[in-house]
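Structural overview for review
Here is how the chains run, residue by residue.
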Amino acid sequence: MKTIALLLFFFTSLTVISAQNNSSEGFYETSDHVKIKYKISGKGEACIYIPGGPGQGYLSFELMGGNSLEKNMQMVYMDQRGSGESGTSENYHLDKMVQDIEELRQYLKLNKVFLLAHSFGGIIAVSYAKKYPQHTKGLILANVTLHFLNDESIKEQIEYGNSLLLTQNRAVPKDSLSSELSKISSALRKKRIGYKFLTEDIETIKQMDKIDSLHPRIIDFGMAVISKPKDFPEYYADYASVTKDIHVPVLIITGKKDKAVGTQHYKTFQFPNQKVVSIDGGHLLYYEKNKEFVDAVNNFVRATK
């Protein structure tokens with residue numbers, strides 16, 4: 001990754017501020033002229049939220065329980081380039097995603113921040129912390145993958161999918177794991193139970209769909225990564241292997257029933273200063289187990305001061 005120049009004087013911003021709820025939102029323009037949507041709300045330690053997906057956008061996290069963190073933290077939500085309400089780009093590579101976070105930190109004149117990442121966002125958060133440890137106060141990794149579509153998680157998903165379909169599990173060659181999972185996922189969707197990789201409660205999915213329908217968003221970043229894996233090999237690399245070199249405090253929140261990234265994947269993380277909180281739930285703990293999720297984050301942040 002190239003060193004990021006301090007280009008704050010090139011940034012522009014359109015900001016709307018609400019004095020009633022101590023929040024502001026708007027857009028900032030990156031050094032390569034992409035408009036990034038952001039929102040700041042709450043008081044306390046600054047924490048930048050990095051969505052999963054890839055390319056999910058921040059609204060569902062904020063409106064489905066993430067905003068409960070605002071009582072004790074200054075939450076900084078951002079839509080990644082090519083996601084949510086942010087602008088599209090010709091460059092969706094990982095180094096550019098990391099640069100966008102750093103430029104937002106500079107733009108908001110924050111010295112050190114917590115990064116809270118969900119799911120696929122863990123890859124971006126860890127990459128930021130590795131490059132900018134001096135600006136990372138701590139990592140909060142909620143149901144994250146650090147090795148997207150890794151074999152062990154796919155095997156677990158295949159086994160779980162077969163159990164839902166009442167189909168006997170069978171040995172699958174390594175080079176056929178992805179195609180086998182695609183077949184199983186398609187069968188689950190036909191039965192309208194594909195959501196069970198994320199949650200056991202269909203009402204949770206209905207709530208997410210409602211938010212998405214009320215707030216249309218773009219998905220260019222996610223489509224690029226998923227449809228052109230050979231163009232973005234860095235997103236498919238194993239970042240669990242670099243965790244041993246990241247010395248900032250780390251909170252790992254994992255769901256005992258999380259089939260989206262796998263229930264055992266977090267055990268491959270080797271941060272020297274990590275704490276693990278295991279919660280009896282699925283991939284969307286911030287919504288379905290909100291109190292336990294918020295308590296885990298607040299306790300970590302207080303201990304890191």
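Quick notes on the rules
- Residues numbered from 1 in each chain as written.
- Predicted model: local features only at pLDDT ≥ 70, side-chain atom pairs only at ≥ 80, totals over all residues.
- Heavy atoms only, no water.
- Core = buried A, V, L, I, M, F, W, Y, C linked by side-chain atoms within 4.5 Å.
- Buried < 20%, exposed > 50% of the residue type's maximum accessible area, 1.4 Å probe, protein only.
- Helix = DSSP H or I, 4+ residues; strand = E, 2+ residues; numbered from the N terminus.
- Contact = heavy atoms within 4.5 Å.
- Axes fitted to C-alpha atoms, helices over the stretch in contact; angles between N-to-C directions.
- Left-handed = near helix turned anticlockwise from the far one by under 90°.
- Nonpolar A, V, L, I, M, F, W, Y, C, P; charged D, E, K, R; others polar.
- Phe/Tyr/Trp six-rings, centres within 6.5 Å; stacked < 30°, edge-to-face > 60°.
- Polar contact = N/O pair within 3.5 Å; in protein donor to acceptor, adjacent residues only side chain to side chain.
- Expected span 1.5 Å × (residues − 1).
- Arc of directions from axis to C-beta.
- Salt bridge = Lys/Arg side-chain N within 4 Å of Asp/Glu carboxyl O.

Remarks on the nonpolar core
In this structure, Leu-115, Leu-139, Leu-141 and Phe-271 are the most contacted members of the largest nonpolar core, which totals 48 residues. At 6 residues, the largest contribution of residues to this core is made by helix 3 (residues 121–131). The residues contacting Leu-139, other than those within four sequence positions of it, are Leu-115, Ala-125, Val-126, Ala-129, Val-248, Pro-249, Val-250, Leu-251, Phe-271 and Phe-300. Counting residues in each nonpolar core, the second largest holds 30 residues, with Phe-114, Ile-140, Ile-253 and Leu-284 among its members.

What to know about the packing of helix 4 (residues 151–165) against helix 5 (residues 177–190)
Running from N to C, helix 4 and helix 5 cross one another at 30°; their axes reach a closest spacing of 9 Å. Helix 5 is crossed by helix 4, and the crossing has left-handed handedness. Residues Asp-151, Ile-154, Lys-155, Gln-157, Ile-158, Gly-161, Asn-162, Leu-164 and Leu-165 of helix 4 touch helix 5, and the partners they reach there are Leu-177, Ser-178, Glu-180, Leu-181, Ile-184, Ala-187 and Leu-188. Grouping the constituent residues of the contact of helix 4 with helix 5 by class yields 9 nonpolar, 4 polar and 3 charged.

So, the packing of aromatic side chains
Scanning the model with the defined rule gives 19 aromatic pairs in all. Put simply, the rings of Tyr-92, Phe-120, Phe-148, Phe-221, Phe-232, Tyr-235 and Tyr-236 pair up and form one aromatic cluster.

Remarks on the side chain of Ser-60
Assignment of secondary structure puts Ser-60 in helix 1 (residues 59–63). Within the structure, Ser-60 has its side chain in polar contact with the side chain of Gln-56 (distance 3.3 Å). Excluding residues within four positions of it along the chain, Ser-60 makes contact with Met-208, Ile-211 and Tyr-286.

Topic: helix 6 (residues 202–214)
With 13 residues, helix 6 should reach 18 Å at 1.5 Å per residue; the first-to-last C-alpha distance of 19 Å fits that figure. Residues Thr-204, Ile-205, Met-208 and Ile-211 constitute the buried set of helix 6. Summarising the axial view, the buried residues of helix 6 lie within an arc of 120°, below the 170-degree limit, and thus occupy one face. The exposed set on the far side of helix 6, more than 90 degrees from its buried face, consists of Ser-213 and Leu-214. Those residues of helix 6 that are buried are in contact with helix 1 and helix 8 (285–288).

Topic: the pattern of salt bridges
Where charged atoms from two side chains of opposite charge come close, those side chains can pair. Going through the model one piece at a time under the given rule, you end up with 16 salt bridges. With a shortest N-O distance of 3.7 Å, Asp-151 and Lys-174 are connected by a salt bridge. Of the two residues, Asp-151 is situated in helix 4 and Lys-174 in the loop between helix 4 and helix 5; the sequence distance between them amounts to 23 residues. Since its relative accessible area comes to 65%, Lys-174 is described here as exposed. Glu-180 is paired through a salt bridge with Arg-170; the nearest N and O atoms lie 3.0 Å apart.

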